[in-house]
Amino acid sequence: MDDVLPPLPEPGPDGREFWDGCRRHELRLQRCASCDRARFAPRPACPWCGSLRAVWFTASGRGRVFSWTVVHRPTLPAFLPMLPYAAGLIALEEGVLMVGQIRGCDPQAVRAGMEVRVEFDDVTADVSLPHWRVV
Amino acid sequence: MRPRAAAIVGIGQSAFSKHLGVTEAEVAATAIGAALADAGLTPADVDGLCLYDIESTTIGDAAAVLGLDHLRFFSTHSHGGGSYCAVVLHATAALAAGHASVVLAFRARNRGRGSSYGKGSNEGGRPWEKIAPRISGFYQWQVPFGIVSPVQEMAIIARRHMLDHGTTEDHLGEVACAARSHAVRNPHAMQREPMTLADHHASRFIAEPLRLLDCCLESDGGCAIVLTTAERARDLRQRPAYVLDGVQCVGPAHHHPHDWFVFDRRRWMAAAAERLWGSAGVRPTDVDAAMLYDHFTPMVLIALEDWGFCAPGEGGPFTEHGALRGPGGRLPVNTHGGQLSEAFIHGFNNLNEAVRQVRGTSTCQVPDAELVFVAAASSDPYGAVLLCR
């Protein structure tokens, strides 16, 4: 990771389990305890059945590229040295979509359906970020 | 058709520029003053105020700047580009219910490259440049990974539209070129150089598949409208643009990329569109001109689909054969140049142009335009209104 850090999460009650999991290099997701559907981002109720009961589980960390962009123009300083970079939506095996960086191949070679695996960057003592590497 | 409860009777705007060098409150006051003068009314007539909740000139600020001392109805609506039809709908509801007799609505925003007046995200400048080192809310699920700005979010949505429906760069480019063909005729537009598809395709990538010319402008400027009851509108100096009908819509997915594709947008969008057309008693084919929120070209295609101007996925082909180009195309869209070529006023300038079309005073006038459709940002909680003679 570069010297300039990207904005990092300040987890609230909804997201703490996810970000704590990242520190242990585990991808933690919520699943509705009533209708069994996995969801992301974490939220207090199930958007499909309304249940407030949820359980957390560790996802496989496997997914496929669902859509992506190749970013060319700078925004925040932390992302400047990476340009151009690929980031997009990863469709996890568990049926949720998650935004992430796509690594391990030329940004121009990224295609929909590519298999990716999660990897974690320990950015600070208290934050690790999940990224996605092409298999 | 429904009885017409309200009408837009005044429109106003400031200059549009990369940098006006004044506060957003001054921009607001300029646009409001012009709109009231256009209507032949004064601040003393105003008893209602409907704003975007991200407006830096708040309800209280506006009252203080303009000396509004008998406001009896005021409301705010969330989201930037999603708000400009909602404020019309709120004003219309207030007028129909007798809670106000003259309602002001406006948007003033200084987001040109040179403009940044404060640290708050609503105080001018680019909001993403003010993202804090530690973040909560939805930003935590995308910003740490490099999806920071709206163009990057919309690029992800656009890419999937291309994959699913065969939408092409030519389709995106035609949205931009049609807008520019209108702006060329509009002396207030910030971008008036003619543009070809080749120019579009040669412009640099910002976030693939979106290029510079797929993106709205960064502008300083403001727009305002004045609404009153249909009855009073008949006695004022301008031809009224009656609010025929309107609707708001939102579902579990808006612009947060992780939600956009998980939920089926068609469910609530089809219901909202059917509600609007059914209630108004008109169909998309009756519309003479459409003002669609064009922060990025693909979102115009999605708005065409959402509101039933074409089938889902067919927004791209709909643009072919000059369909969006006024005054003679099948559905002239954004006949002032829109956010892409006139100015980015969070859509409010689209509203002003809709009124001009109904009045017959656009610089790209559709002959005898009687019914104009206006839709807010398809990527936000949004909505639409129909204006008519």
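Just so it is clear, the structure is predicted and the values come from calculations on it, not from any experiment.

Quick rundown of the overall build of chain A? Include the residues and the values.
Each helix and strand counted, chain A has 1 helix and 9 strands in total. Taking 14 Å as the expected radius of gyration for a compact globule of 135 residues, we find that chain A reaches 15 Å, a close match to that expectation. In terms of its C-alpha atoms, chain A occupies a principal-axis envelope of roughly 45 × 35 × 25 Å. Classification of the 135 residues of chain A by burial places 36% in the buried group.

So what's going on with the sheet that holds strand β3 (residues 73–77) of chain B? Which residues, and what values?
Strand pairing in a sheet relies on backbone hydrogen bonds. The paired strands run either parallel or antiparallel. Residues and elements named next belong to chain B. Taken in spatial order, the 9 strands make up an open sheet running β3-β2-β4-β8-β1-β9-β12-β11-β10, and their pairing is mixed. At either margin of the open sheet sits one strand with a lone partner, and together these are β3 and β10 (289–292). In this sheet, neighbouring strand axes are inclined to one another by 25 degrees on average, regardless of whether the strands run parallel or antiparallel. Across the face of the sheet, helix α1 (residues 24–39) comes into contact with β1 (6–13), β4 (102–110) and β8 (220–229) while running at roughly 130 degrees to β1.

Hey, could you go over the interface of chain A and chain B for me, with residue numbers and the actual values?
Chain A puts 32 residues into the contact, and the matching count from chain B is 34 residues. Elements that contribute at least two residues to the side of chain A that touches chain B include exactly β1 (8–9), β5 (62–71), β6 (85–92) and β7 (97–103) of chain A. Broken down by element, the side of chain A that touches chain B gets its largest block of residues, 6 residues, from β5 of chain A. Partitioning the side of chain A that touches chain B into residue classes produces 21 nonpolar, 9 polar and 2 charged.

So what's going on with the pairing of strand β11 (residues 371–375) of chain B? Which residues, and what values?
Residue and element names in this part refer to chain B. Burial within β11 is extensive, with 4 of its 5 residues counted as buried. Alignment of β10 against β11, held across 4 bridges, turns out to be parallel. Pairing of A290 across the sheet is with F373, part of β11. Here β11 folds back onto strand β12 (residues 382–388), and the loop between the two strands holds 6 residues.

Give a description of helix α9 (residues 265–280) of chain B that names residues and reports values.
Residue and element names in this part refer to chain B. Taking 1.5 Å per residue, 16 residues should reach 22 Å; α9 reaches 22 Å between its end C-alpha atoms and fits that length. Within α9 the residues assigned to the buried category are R265, M269, A272, A273, L276, W277 and A280. Across the axial projection of α9, the buried residues extend over an arc of 120 degrees, all falling on one side. Turned more than 90 degrees away from the buried face of α9, the exposed residues are R267, E274 and G278. In this structure, the buried side of α9 is in contact with β9 (241–249), α10 (297–306) and β12. At the C-terminal side of α9, G281 shows a positive phi close to 75 degrees.

I'd like a description of the packing of α1 of chain B against helix α2 (residues 59–66) of chain B, backed by residues and values.
Residue and element names in this part refer to chain B. Two elements in contact, α1 and α2, have axes separated by 11 Å at closest approach and are oriented at 65 degrees. Between α1 and α2 the crossing geometry is right-handed. Every residue of α2 that contacts α1 at A25, A28, A29 and I32 is listed here: D61, A62, V65 and L66. Residues of the contact of α1 with α2, tallied by class, amount to 7 nonpolar, no polar and 1 charged.

Break down the nonpolar core for me, with residues and values.
Residues and elements named next belong to chain B. C85, V103, A105, V374, A375 and L387 are the most contacted members of the largest nonpolar core, which totals 159 residues. Looking at which element gives the most residues to this core, the answer is helix α3 (residues 84–96), with 9 residues. For A105, the contacting residues outside a window of four places in its chain are C50, L51, V87, V88, A91, A224 and I225.

Explain the sheet that holds strand β3 (residues 38–39) of chain A to me, using residue names and the numbers behind them.
Residue and element names in this part refer to chain A. The antiparallel open sheet is built from 3 strands, whose spatial order is β3-β2-β4. Strand pairing shows two members of the sheet lacking a second neighbour, β3 and β4 (54–58), which therefore form its edges. Both strand β2 (residues 28–32) and β3 contribute to a ladder of 2 bridges, which runs antiparallel. Bridging from a neighbouring strand, Q30 pairs with R39 of β3.

Give me the confidence of the model for chain B: which residues, what numbers.
Mean pLDDT over chain B works out to 94, with 96% of the residues at or above the 70 mark. If you check the scores for this complex, the pTM reads 0.96 and the ipTM reads 0.96.

Talk me through the environment of P42 of chain A; I want residue IDs and the actual numbers.
All names here are of chain A. Within the element layout of this structure, P42 appears in the loop between β3 and β4. For P42 and L89, which are 47 residues apart along the polypeptide, the C-alpha to C-alpha distance reads 16 Å. If we ignore the near neighbours within four places in the chain, the residues touching P42 are D14, G15, F18 and Q30.

So what's going on with the packing of helix α4 (residues 150–165) of chain B against α10 of chain B? Residues and values would help.
All names here are of chain B. Put simply, α4 and α10 touch, their axes get as near as 9 Å, and they point 55 degrees apart. Considering their axes alone, α4 and α10 lie oblique with respect to each other. Where α4 crosses over α10, the handedness of that crossing is left-handed. Residues M154, I157, A158 and H161 of α4 form the contact with α10, whose participating residues are P298, M299 and L301.

The rules behind these values
Residues numbered from 1 in each chain as written. Chains lettered and ligands numbered in written order. Predicted model: local features only at pLDDT ≥ 70, side-chain atom pairs only at ≥ 80, totals over all residues. Helix = DSSP H or I, 4+ residues; strand = E, 2+ residues; numbered from the N terminus. Rg over C-alpha atoms; globule rule 2.2 N^0.38 Å. Buried ≥ 20, exposed ≤ 12 C-beta atoms within 10 Å, placed from the backbone. Pairing = 2+ DSSP bridges. Axes fitted to C-alpha atoms, helices over the stretch in contact; angles between N-to-C directions. Contact = placed C-beta atoms within 7 Å. Nonpolar A, V, L, I, M, F, W, Y, C, P; charged D, E, K, R; others polar. Expected span 1.5 Å × (residues − 1). Arc of directions from axis to C-beta. Left-handed = near helix turned anticlockwise from the far one by under 90°. Core = buried A, V, L, I, M, F, W, Y, C linked by C-beta atoms within 7 Å. pLDDT = per-residue confidence, 0-100. Parallel < 35°, antiparallel > 145°, perpendicular 65-115°, else oblique.

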